[in-house]
Amino acid sequence: MDLDEARAYVKDNSHAVLTTLRKDGSPQLSPVDVSLEDDGTVVISSRETAYKVKNLRREPRTWICVLPDSFYGPWIQLEGTVEIQSLPAAMEPLVNYYRRLSGEHPDWDEYRAAMESEQRCLIRVSLTKAGPDRQG
């Protein structure tokens, strides 16, 4: 699958399962919402204290299975390298992430305060591969 096709799919489908690697090399999976930035980067909001973030700081590679809202139907697998963007630099990108997934927030000051108190960060995924390329 072409990376641009994968990005188009992510634009319309936000439910996903993120896979990271634990210290022992075994997979750790997390349900997440994904969004797509204008530059084609896939982004995910998380807490700095989450295992997925700790795993990604140690091993900045990920695999993501993006699913339709109905669960059944076409899906894609993404692979990529990761950069963690922390506060305060992550604040406006977190606002953009929310807007892409949910529209306007009723109180942006409240949202920003919640992002700080929850120690939110943004997982930024630069895609390197997408599939499936064939049906099995």
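Everything below is about the structure shown above.
We now turn to the structure provided with this report.

Scoring rules and cut-offs
- Residues numbered from 1 in each chain as written.
- Predicted model: local features only at pLDDT ≥ 70, side-chain atom pairs only at ≥ 80, totals over all residues.
- Heavy atoms only, no water.
- Salt bridge = Lys/Arg side-chain N within 4 Å of Asp/Glu carboxyl O.
- Buried < 20%, exposed > 50% of the residue type's maximum accessible area, 1.4 Å probe, protein only.
- Helix = DSSP H or I, 4+ residues; strand = E, 2+ residues; numbered from the N terminus.
- Core = buried A, V, L, I, M, F, W, Y, C linked by side-chain atoms within 4.5 Å.
- Contact = heavy atoms within 4.5 Å.
- Pairing = 2+ DSSP bridges.
- Axes fitted to C-alpha atoms, helices over the stretch in contact; angles between N-to-C directions.
- Left-handed = near helix turned anticlockwise from the far one by under 90°.

Observations concerning the pattern of salt bridges
Following the criterion strictly, the structure yields 9 salt bridges and no others. Among the ionic pairs, Arg-57 bridges to Glu-48, the shortest N-O distance being 2.7 Å. Given the relative accessible area of 45%, Arg-57 is considered partly exposed. Ionic pairing is found between Glu-92 and Arg-112, a salt bridge with its closest N-O pair at 3.1 Å. Linking Glu-92 in helix α3 (residues 91-102) with Arg-112 in helix α4 (residues 108-117), this pair joins segments that are 20 residues apart in sequence.

With respect to the nonpolar core
Membership of the largest hydrophobic core comes to 24 residues, with the highest contact counts inside it found for Val-34, Val-42, Ile-64, Val-66, Leu-78 and Ile-123. Put simply, the parts of the chain that give this core at least two residues each are α1 (3-12), β1 (15-21), β4 (42-47), α2 (51-58), β5 (61-67), β6 (76-86) and β7 (120-131). Looking at which element gives the most residues to this core, the answer is β7, with 5 residues. Those residues in contact with Val-34, other than ones at most four positions away along the chain, are Val-10, Asn-13, Ser-14, Ala-16, Val-42, Val-43, Ile-44, Ile-64, Val-66 and Leu-101. Within the second largest apolar cluster, 10 residues are counted, among which are Val-43, Val-95, Tyr-97 and Tyr-111.

Digging into the pairing of β7
Across a regular strand the side chains alternate sides, sitting on one face of the sheet and then on the other. For β7, a buried count of 9 out of 12 residues is recorded, marking the element as mostly surrounded by other parts of the structure. Alignment of β4 against β7, held across 6 bridges, turns out to be antiparallel. By the bridge assignment, Ile-44 is partnered in β7 with Ile-123. With 10 bridges connecting them, β6 and β7 associate as antiparallel partners. Within the sheet, the bridge partner assigned to Leu-78 lies in β7 and is Ala-130.

Some points on the packing of α3 against α4
How two helices pack is summed up by the angle between their axes together with the distance between the axes. Orientation of α3 relative to α4, taken along the N-to-C sense of each, is 115 degrees, at an axis distance of 11 Å. Note on packing geometry: the crossing formed by α3 with α4 is right-handed. Together, Met-91, Glu-92, Leu-94, Val-95, Tyr-98 and Arg-99 of α3 and Trp-108, Tyr-111, Arg-112, Met-115 and Glu-116 of α4 make up the contact between the two elements.

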